[in-house]
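Architecture at a glance
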Amino acid sequence: EENICLALSVLPLGLCDPLLQAVPADRQAALRDRLEYLLNMGCVGGEHPFVPQDCERIFRDFGVRVDLERRAAQVWTWSRLSEVCNFRGCEVLLVDAEGSDARILRSLIRHCRQ
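The model shown is predicted, which means the values in this text are computed figures rather than measured ones.

1. A look at helix α3 (residues 51-62)
- Here α3 contains 12 residues, and its C-alpha end-to-end distance of 16 Å stays within 8% of the 16 Å for a straight helix at 1.5 Å per residue.
- The complete set of buried residues in α3 reads Val51, Asp54, Cys55, Ile58 and Phe62. Axial view of α3: buried residues confined to an arc of 100°, hence all on one face.
- Those residues of α3 hidden inside the fold are in contact with α2 (28-39).
- Backbone geometry just after α3 places glycine 63 at a positive phi near 75°.

2. Observations regarding the sheet that holds strand β3 (residues 69-75)
- In spatial order, the strands read β2-β1-β3; together these 3 strands make up an open sheet with antiparallel pairing. On the outer flanks of this sheet lie β2 (43-44) and β3, each paired with one strand and no other.
- Two elements, strand β1 (residues 4-10) and β2, share 2 bridges in a ladder whose sense is antiparallel. Across the sheet, the residue bridging to serine 9 is cysteine 43, located in β2.

Reading guide: rules and limits
- Residues numbered from 1 in each chain as written.
- Predicted model: local features only at pLDDT ≥ 70, side-chain atom pairs only at ≥ 80, totals over all residues.
- Heavy atoms only, no water.
- Helix = DSSP H or I, 4+ residues; strand = E, 2+ residues; numbered from the N terminus.
- Expected span 1.5 Å × (residues − 1).
- Buried < 20%, exposed > 50% of the residue type's maximum accessible area, 1.4 Å probe, protein only.
- Arc of directions from axis to C-beta.
- Contact = heavy atoms within 4.5 Å.
- Pairing = 2+ DSSP bridges.

So this is what it looks like as structure tokens:
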């Protein structure tokens, strides 16, 4: 698992300001809310199933097109993460990893057994 890369579909943070500036000031707060939702909807392997509908709704409501980017993300084991970030553990672990939650927990368990 040390050299695996996965494709992600994301809304780049840098695209938000130009989109906001393209709509009237009184509509920017509503668009900002919709874009923040999309910023949190990155998905491994392709677009989240709700994203195409949301992008179409944004175009219909605000007249701007939202284009997601595909990016590669490295997959790290828990051991590599703890080594690179120089930590020994955590008190609370919250995992929301687009279906990779079990893989992360298994990696954590392997690390703890070493």
